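What follows is the residue order along each chain.
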Amino acid sequence: MTEKKTHRIIVRPTGVELRAPAGASLRDLLFEQGVEFPCGGQGRCRGCRVRVLEGTAEANAAQRERLSPQELEDGWRLACQCSLGDDLVVELRQWDAAILVDDTPFHFEPRPGLGVAVDLGTTTLVAQLVNLSTGKVLAVRTALNAQARYGADIMSRLQFAAAEDGRATLERLIRRQIASLITHLMVSAKVSGDEIRDVVLVGNTVMHHLFCGIDVEPLSHYPFESNEIGLQTFRASELEWNLNKASTVRFLPCLGGFVGSDILAGILATKLAKSLENVGLMDLGTNGEIVVGNQSKLYCASTAAGPAFEGARISMGMRAATGAICQVQVEDERLVCQVLGNVAPQGVCGSGLVDAVAAGLEIEAIQSSGRLGNGAKEWTLAEPVVLTQNDIRELQLAKAAIAAGSRILLERLGTSLQDLKMLYLAGAFGNYIRRSSARRIGLIDLPIDKVTPAGNTALLGAKLALFSLDGEDGSYTELRCRIEHVPLNADQSFQDIFVEELAFPSSTHVRS
Amino acid sequence: MSIFDELQQAIIDGKAPVAKEVTERALGEGVRPAELFPNAIVPAMNEVGRRMRDCEFFIPEVLIAARAARAATDILRPLLVGDEEVRSAGTVVCGTVKGDLHDIGKNIVAMMLESAGFQIVDLGVDVPPEKVVAAVREHGANVVAMSALLTTTMVNMKAVIDALAAAGLRDQVKVMVGGAPVTESWAQSIGADGYGKDASAAVETARSLVAAA
Ligand code: B12
Ligand code: FES
């Protein structure tokens, strides 16, 4: 037998050095290094671009279609389409971002033992080990969802699940990954699995189904409704998790459509269902979940904003990591950009994008139709980072989807945005976005004192659930009866409202 | 400015009441209905298509321009019935594939095709392959235009092509596909005859498919 030649890969900027046999796929190698594969490695989205600085990597037909001759010339390749045939030095376009954890103080009824709360996101996972008698967080662990190599967004994940063995693969990956996160938690807190009584997981409907082993086929096409969205309970032994035999693992119930238990947890965390006045919760991620209502009635929906707020599908977009322009302000008619890590700017992240467009509207570099002034094709933020006309269009689509979704829900509730007492923003983007800029671009037309960044409300809600398990089994039946899921695709007025919301507000409209 | 230029400008600017007024005035002045298409409406929508391709126009501008074009064509169509001189550019059956309800892009494509002189049979959203087959048969369509916006519903375009083949209609009709996740190479791989990145490309593709038939 001939032995396969091995090659060396040096990864920039991390400096990690890897060795792998010839023919190995760059996808598997680089996924371990935190590179994401938005379309699941189908060569469609360009999201997995890496730059080959030394060595050769063949560009196949898919890459020649997706990358310009100039980009190919400059060494850009789609990592998902390359296999190893040479020693390489590659520069990663994305670096993994800081994942939002939660350390909000909360009220609790003490219970004996330890518990684990898990926020199972499409992109990221966060797990916390909690002492149930003191409420103290003993350890925290974060990771990128191991399923993400098979597609960054839920639709690509569903598509992968539909293929032979796809669903089983995804289920196995995520169950194992969470088991290992819990093991790490126990090691760092120096406790044994025997002490863990309960594990509570929250996530969107697709994550719920893929973890629990439920068929996801109904979620892949119209009307995107599954009838198995309730609480799922497992014995730790069933999952082959190394915990106390009597300990229970619960995946909290979803709310309908793609709106999952992460949003149910968000409702618990922000106490929406206890509010006398009308309040709201928004998660400005790819699926753009929104909840509005009060103690007697809540409406929720997901609005499919797309990944623009995460910097994806933006020509120089990137995650909020070193080199990203994260803030843009106007001083004396000039742009002042703040770059994460105080290095030379390399790209722009979601909060920087929203800021930049707000600034552009202010100095009239961008018109309210979204058109760049003077018919320019691109606009320089800080050399070499530019926004193209198309980037602004992407942001318009995302913000219109959110704005239209909230208008429709608020109409159901019989109120308007201006009459909300408070709007909570869940998730990382909601935490970093400048509220005045969100208002300037018409994403959230509220004065900043009526908008509260609420952090990782999914994780906080999961923790709260851990403390309620003596009185309640985690099914939240009564609460769920008060929450109505509104499928926006069935709403006749959506298209008109969406088109209306595509433009940015003209400056006279925005009161400070 | 000639009356043709006036109508062209009104459409590009998206001014439906002006488009209606100019059309009526033109007819009053003795312009034949058939003349307004090649001299004003088609070039206006070509310009709208160009601006959309160059990112000058976005969805709202395209929609209001299409609305203005419709204000003119609504007056002209009844007058053209039986007019030998104006031949339709072809008949297009369009729709969003089964399982998918996204129709903003499909509607823009349909409007642009309509103002380019095509007869449109719009089957709406969540369209099963059988419905496409029936419509192609009933209307003797030249082109089928399918739209999909979801990775999970794209595959249903192939189902439409297969159903047309099974019904023995595949060589009578050209199939073009589009929508954000659809690419040229994917269109080829499922055996479609054409692909369009945006609505103006859709018009060009439809024209060349009809010409080649
Ligand atoms: C508006 C929107 C909706 C609206 C749709 C309203 C409507 N009546 O269409 C609502 C809110 C209902 C909706 C629902 C959903 N959506 Co949606 N939606 C969008 C959004 C924001 C914009 C799409 C759009 O209209 N673009 C504008 C039009 C003009 O562009 P276009 O369709 O691409 O069309 C152009 C070209 O492609 C071309 N073209 C189009 N068709 C054709 C056909 C031919 C023949 C040719 C030649 C050319 C051509 O010409 C057009 C004009 O230039 C996108 C995100 C984004 N930022 O793009 C998500 C998006 C498409 N949705 C998505 C998802 C997942 C959904 C839902 C499944 C989930 C959810 N959370 O609700 C549901 C399912 C709905 C259903 N049953 O199909 C995902 C798809 C991801 C994927 N990988 O598949 C996206 C990308 C957002 C995301 N989460 O990442 N959505
Ligand atoms: S192009 Fe989408 S993951 Fe590679």
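Residues numbered from 1 in each chain as written. Chains lettered and ligands numbered in written order. Predicted model: local features only at pLDDT ≥ 70, side-chain atom pairs only at ≥ 80, totals over all residues. Heavy atoms only, no water.

1. Brief notes about the overall build of chain A
Phase 1: The secondary structure content of chain A amounts to 14 helices and 22 strands.
Phase 2: The C-alpha atoms of chain A give a radius of gyration of 23 Å, which matches the 24 Å a tight globule of 512 residues would have.
Phase 3: Projected onto its principal axes, the C-alpha positions of chain A cover 75 × 65 × 40 Å.
Phase 4: Across the 512 residues of chain A, 57% fall into the buried class.
Phase 5: A sequence separation of at least 24 residues applies to 66% of the contacts in chain A between residues at least 6 apart.
Phase 6: Only carbon and sulfur atoms are counted for the fraction: they give 47% of the accessible area of chain A, which is about 21300 Å².
Phase 7: Across chain A, 50 positive and 60 negative side-chain charges occur, with their mean positions spaced 2 Å apart. (Helix = DSSP H or I, 4+ residues; strand = E, 2+ residues; numbered from the N terminus. Rg over C-alpha atoms; globule rule 2.2 N^0.38 Å. Buried < 20%, exposed > 50% of the residue type's maximum accessible area, 1.4 Å probe, protein only. Contact = heavy atoms within 4.5 Å. Areas by Shrake-Rupley, 256 points an atom, 1.4 Å probe, with all protein chains shown as cover. Lys, Arg positive; Asp, Glu negative; His and termini not counted. Charge placed at Lys NZ, Arg CZ, Asp CG, Glu CD.)

2. Some thoughts on the domain arrangement of chain B
Residue and element names in this part refer to chain B.
Phase 1: Assigned domains of chain B: these are domain 1 (3-80) and domain 2 (90-212).
Phase 2: Here domain 1 and domain 2 have C-alpha centroids that lie 25 Å from each other.
Phase 3: Across the boundary between the two partners, domain 1 contributes 15 residues, which contact twelve residues of domain 2.
Phase 4: Contact between domain 1 and domain 2 buries roughly 1200 Å² in total, counting both sides, with carbon and sulfur atoms accounting for 64%.
Phase 5: Its largest share of buried area at the contact with domain 2, domain 1 owes to Met52, Arg53 and Arg77, together 33% of the area lost on that side.
Phase 6: Where domain 1 meets domain 2, there are two salt bridges.
Phase 7: The salt bridge involving Glu114 is made with Arg70; its shortest N-O contact spans 2.8 Å.
Phase 8: At the boundary of domain 1 and domain 2, one finds four residue pairs in polar contact (both at pLDDT 80 or more).
Phase 9: Of all the secondary-structure elements, those providing two or more residues to the side of domain 1 that touches domain 2 are α3 (33-53) and α4 (59-80).
Phase 10: Examining the composition of the side of domain 1 that touches domain 2, we find that eight residues originate from one element, α3, more than from any other. (Domains from an automatic or database assignment. Buried area = accessible area lost by both parts, 1.4 Å probe. Salt bridge = Lys/Arg side-chain N within 4 Å of Asp/Glu carboxyl O. Polar contact = N/O pair within 3.5 Å; in protein donor to acceptor, adjacent residues only side chain to side chain.)

3. Observations concerning the pattern of salt bridges
Phase 1: Applying the stated criterion across every chain, the model contains 29 salt bridges over all chains.
Phase 2: When the shortest N-O distance is used, the salt bridge between Asp102 of chain A and Lys463 of chain A registers 2.9 Å. Of this pair, Asp102 of chain A sits in the loop between β5 (88-92) and β6 (114-120) while Lys463 of chain A sits in helix α12 (residues 457-467), and the two are 361 residues apart along the sequence.
Phase 3: Between Arg32 of chain B and Glu35 of chain B there is a salt bridge; the shortest N-O distance is 4.0 Å.
Phase 4: Residue Glu35 of chain B is classed as partly exposed on the basis of its relative accessible area of 26%.
Phase 5: In the salt-bridge network here, residues are joined through shared partners; they are Glu47, Arg50, Arg51, Asp54 and Glu56 of chain B.

4. A word on the sheet that holds strand β14 (residues 298-302) of chain A
All names here are of chain A.
Phase 1: In spatial order, the strands read β21-β20-β12-β13-β14-β22; together these six strands make up an open sheet with mixed pairing. Two strands close off the open sheet at either side, each with one partner strand: β21 (451-455) and β22 (483-485). Across the sheet, the mean angle from the axis of one strand to that of its neighbour is 20°, orientation sign disregarded.
Phase 2: Bridge analysis of strand β20 (residues 422-426) against β21 gives four bridges, and the strand direction is parallel. When the sheet's bridge partners are listed, Ala426 is paired in β21 with Gly455.
Phase 3: Its contacts with the sheet put helix α7 (residues 261-270) on β12 (279-283), β13 (289-293), β14, β20, β21 and β22, and the angle it makes with β12 is roughly 140°.
Phase 4: Packed onto the sheet, helix α9 (residues 389-413) meets β12, β13, β14 and β22 and runs at close to 25° relative to β13. (Pairing = 2+ DSSP bridges. Axes fitted to C-alpha atoms, helices over the stretch in contact; angles between N-to-C directions.)

5. Concerning the coordination of the cobalt atom of ligand 1
Phase 1: With respect to protein ligation, the cobalt atom of ligand 1 binds only His102 of chain B (NE2), at 2.3 Å.
Phase 2: For His102 of chain B, the location among the structural elements is in the loop between β1 (91-96) and α5 (104-115). (Donors = N, O, S within 2.8 Å, 3.2 Å for Na, K, Ca; no water.)

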